[in-house]
Amino acid sequence: MEQQELIPHLFRSEYRKIVSVLCRHFGFDQMEIAEDITSDTFLTAAQTWALNGAPKNPVAWLYSVAKNKAKNYLQRNSVFENKIAPGIKEIAYEIDIDLSPQNINDSQLQMMFAICDPAIPPEAQIGLSLRILCGFGIQEIAEAFLTSKETINKRLFRAREKLRDEAIKIEFPHPSEINRRLETVLTTIYLMFSEGYYSVSQNQVLRKDVCFEAMRLCHMLVENSATNTPPVNALLSLMYFHASRFDARIGKDGELILYHEQDTGLWNADMISKGGYFLKYATTGDKISKYHLEAAIAYWNTHQVDTTEKWENILQLYNRLLQIEYSPVAALNRTYALSKANGKREAITEAEKLNLTDNQFYFALLGELYTDIDNTTAKQNFQQAISLAKTQADKQTLQRKIDRLISNQPQS
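Just so you know, these numbers come straight off a predicted model, no measurement behind them.

Caption draft 1: Molecular detail of helix H6 (residues 101-115). Taking 1.5 Å per residue as the helical rise, H6 with its 15 residues ought to reach 21 Å, and the 21 Å between its terminal C-alpha atoms agrees with that figure. Buried residues dominate H6, accounting for 11 of its 15 residues. Taken residue by residue, H6 has Asn103, Ile104, Ser107, Gln108, Leu109, Gln110, Met111, Met112, Phe113, Ala114 and Ile115 as its buried positions.

Caption draft 2: Broad picture of the pattern of salt bridges. On inspection of all chains with the given rule, the structure shows 22 salt bridges. Residue lysine 290 pairs with glutamate 325 through a salt bridge whose shortest N-O separation is 2.9 Å. Here lysine 290, found in helix H15 (residues 290-301), pairs with glutamate 325, found in the loop between helix H16 (308-324) and helix H17 (328-342); they are 35 residues apart in sequence, far enough to count as distant. By relative accessible area, which is 39% here, glutamate 325 ends up partly exposed. Its salt-bridge partner being aspartate 306, residue lysine 340 comes within 3.0 Å of it at the nearest N-O pair. Of this pair, lysine 340 sits in helix H17 while aspartate 306 sits in the loop between H15 and H16, and the two are 34 residues apart along the sequence. Residue aspartate 306 is classed as partly exposed on the basis of its relative accessible area, which comes to 42%. Here the residues in one salt-bridge network are Arg16, Glu213 and Arg216, joined through shared partners.

Caption draft 3: Up close: the environment of asparagine 228. Tracing the sequence through the fold places asparagine 228 in the loop between helix H11 (208-222) and helix H12 (230-243). The exposure class of asparagine 228 is partly exposed, given its relative accessible area of 37%. Along the primary structure asparagine 228 and cysteine 218 are separated by 10 residues, whereas in three dimensions their C-alpha atoms are 9.5 Å apart. Those residues within four positions of asparagine 228 in sequence are excluded, and the remaining contacts are Leu221, Val222 and Asn233. A polar contact of 2.8 Å, which involves the side chain of asparagine 228, links it to the side chain of asparagine 233.

Caption draft 4: View of the layout of surface pockets. Considering only enclosed or pocket space, the second largest pocket measures out at about 390 Å³ in volume. Around the second largest pocket, the lining comprises 17 residues; the ones closest to its centre are Glu183, Pro231, Lys287, Ser289 and Tyr291. Listed by contribution, the elements that provide at least two residues to the lining of the second largest pocket are helix H10 (175-197), H12 and H15. Per-element tally for the lining of the second largest pocket: the top contributor is H10, with 5 residues. Residues of the lining of the second largest pocket, tallied by class, amount to 7 nonpolar, 5 polar and 5 charged.

Caption draft 5: Highlighting the nonpolar core. Among the nonpolar cores identified, the biggest contains 87 residues, and Met112, Leu130, Ile189, Leu221, Leu235 and Met239 are the most heavily contacted of them. When residues of this core are assigned to their parent elements, the largest contribution, 10 residues, is made by helix H1 (residues 3-26). A domain-level breakdown of this core finds at least three residues from each of domain 1 (4-99) and domain 2 (229-304). Once residues within four sequence positions are removed from consideration, methionine 112 is found in contact with Leu133, Val185, Ile189, Leu217, Met220 and Leu221.

Calculation rules
In every chain, residue numbers begin from 1 and rise along the written sequence. Reporting of local features is limited, given that this is a predicted model, to residues whose pLDDT is at least 70; pairs of side-chain atoms are given and counted only at 80 or more, and all residues count toward the totals for whole chains, interfaces and linings. Hydrogens and water molecules were not included; the side-chain quantities draw on all heavy atoms of the structure. Helix and strand definitions here come from DSSP, where helices need a minimum of 4 consecutive H or I residues and strands a minimum of 2 consecutive E residues; each element is numbered from the N-terminal end. One less than the residue count of a helix, multiplied by 1.5 Å, gives the span that helix is expected to have. Accessibility here uses a 1.4 Å probe with only protein chains present; expressed as a share of the type maximum, an area under 20% marks a residue as buried, one over 50% as exposed, and anything in between as partly exposed. We define a salt bridge as a contact between a side-chain nitrogen of Lys or Arg and a carboxyl oxygen of Asp or Glu at a distance within 4 Å. Residues are treated as being in contact if the distance between any of their heavy atoms lies within 4.5 Å. The definition of a polar contact used here is a pair of N or O atoms within 3.5 Å, where within protein one atom must be able to donate a hydrogen and the other to accept one, and adjacent residues in sequence count solely through side-chain atom pairs. Here a cavity denotes a set of grid points, spaced 1 Å apart and computed over the protein atoms alone, in which a 1.4 Å probe fits but from which it cannot get out, and a pocket denotes an open set meeting protein on both sides within 12 Å along at least five of seven lines; residues with an atom within 4 Å of a point are reported as lining. Grid points are joined across faces, edges and corners, and a volume is the space filled by probe spheres set on the points. We call Asp, Glu, Lys and Arg charged. Ala, Val, Leu, Ile, Met, Phe, Trp, Tyr, Cys and Pro are nonpolar, and the rest, Gly among them, are polar. We define a nonpolar core as any set of buried Ala, Val, Leu, Ile, Met, Phe, Trp, Tyr and Cys residues linked to one another through side-chain atoms lying within 4.5 Å. Throughout, the edges of the domains are those of an automatic or database domain assignment.

Next up, the structure:
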């Protein structure tokens with residue numbers, strides 16, 4: 001790997017590990033110090049390696065420098081010294097910052113549960129997770145949320161203040177608390193994946209990097225015996241099934257390709273297989289979560305051939321999902337499944353009951369349903385969808401649907 005690519009690569013993979021370990025050591029009271037030490041470590045690497053070249057083991061070099069910087073901070077920090085018993089200087093020199101693989105993994109899991117504390121607002125949970133657990137830069141997070149760096153900085157600042165004010169500890173929950181807290185962790189991972197899957201970035205309608213980071217965090221839960229529960233496996237299965245269609249979901253101009261228009265030859269068979277593997281392990285419990293139902297729907301969506309069985313199963317799964325937890329996206333997707341199972345006219349009746357007048361996908365779906373039934377109404381709905389679309393690529397895709405309608409109209 002070229003040196004100009006090495007540091008950004010290492011920042012993405014190692015920043016989160018170092019920050020998690022230092023935060024676990026310092027506590028949330030000095031969270032910014034942990035981030036500053038880690039950022040300064042990478043700055044030192046950029047300056048040193050530019051002159052001397054990269055070391056043989058760059059990761060070990062980073063860990064060594066981070067340890068030394070952390071120890072130096074502890075030694076010279078007067079506030080820290082005043083809080084500890086006399087003789088702190090002798091103790092501080094012997095403090096070991098443990099960057100072993102096991103401690104890194106434990107620290108990241110503990111940070112995940114701390115960040116996903118119910119006291120932290122959901123959008124702040126995602127932002128902190130992207131920053132601390134995934135190594136995303138402020139600009140990247142701002143792009144994911146379609147907002148400014150200043151807004152993200154303020155949001156993260158308030159979240160850090162909340163962590164301190166609530167005295168949230170960086171530790172693994174008590175066994176009796178794991179299931180309750182795990183629900184919040186899964187919600188954050190799910191929202192993070194959704195943020196990438198339905199990106200509103202001006203440049204991308206799909207943020208694969210955000211999606212894959214959500215999957216990585218879920219993998220950590222699966223690999224820990226205390227958190228390897230059926231809902232965790234169901235969520236990971238769901239994400240693998242969705243990820244299997246990434247390459248087919250985006251067109252050559254970056255536009256979103258809807259399910260029924262995708263090239264199934266681009267679906268990733270290996271990811272579909274992994275989705276099936278984790279779905280199998282998700283069925284070991286006696287409780288059905290929304291992740292189980294969504295994973296089952298995603299499983300049927302990996303069947304390339306349209307059959308009555310496929311769409312009837314998907315429709316029934318959506319019916320159960322909406323009973324557990326209503327969402328506009330699920331309601332829209334259920335209406336599309338209804339059109340495939342029972343026909344467009346019945347689906348139109350159900351779709352118009354939703355009345356999601358601020359949702360571009362609602363009007364895009366109505367446009368699809370009215371196509372070849374009432375093309376004038378279909379065009380009007382596509383135009384309304386264009387007015388609500390957030391990306392230029394989406395607008396271009398919808399305009400092409402209008403152009404196709406016009407070109408297929410009989411000549412007078």
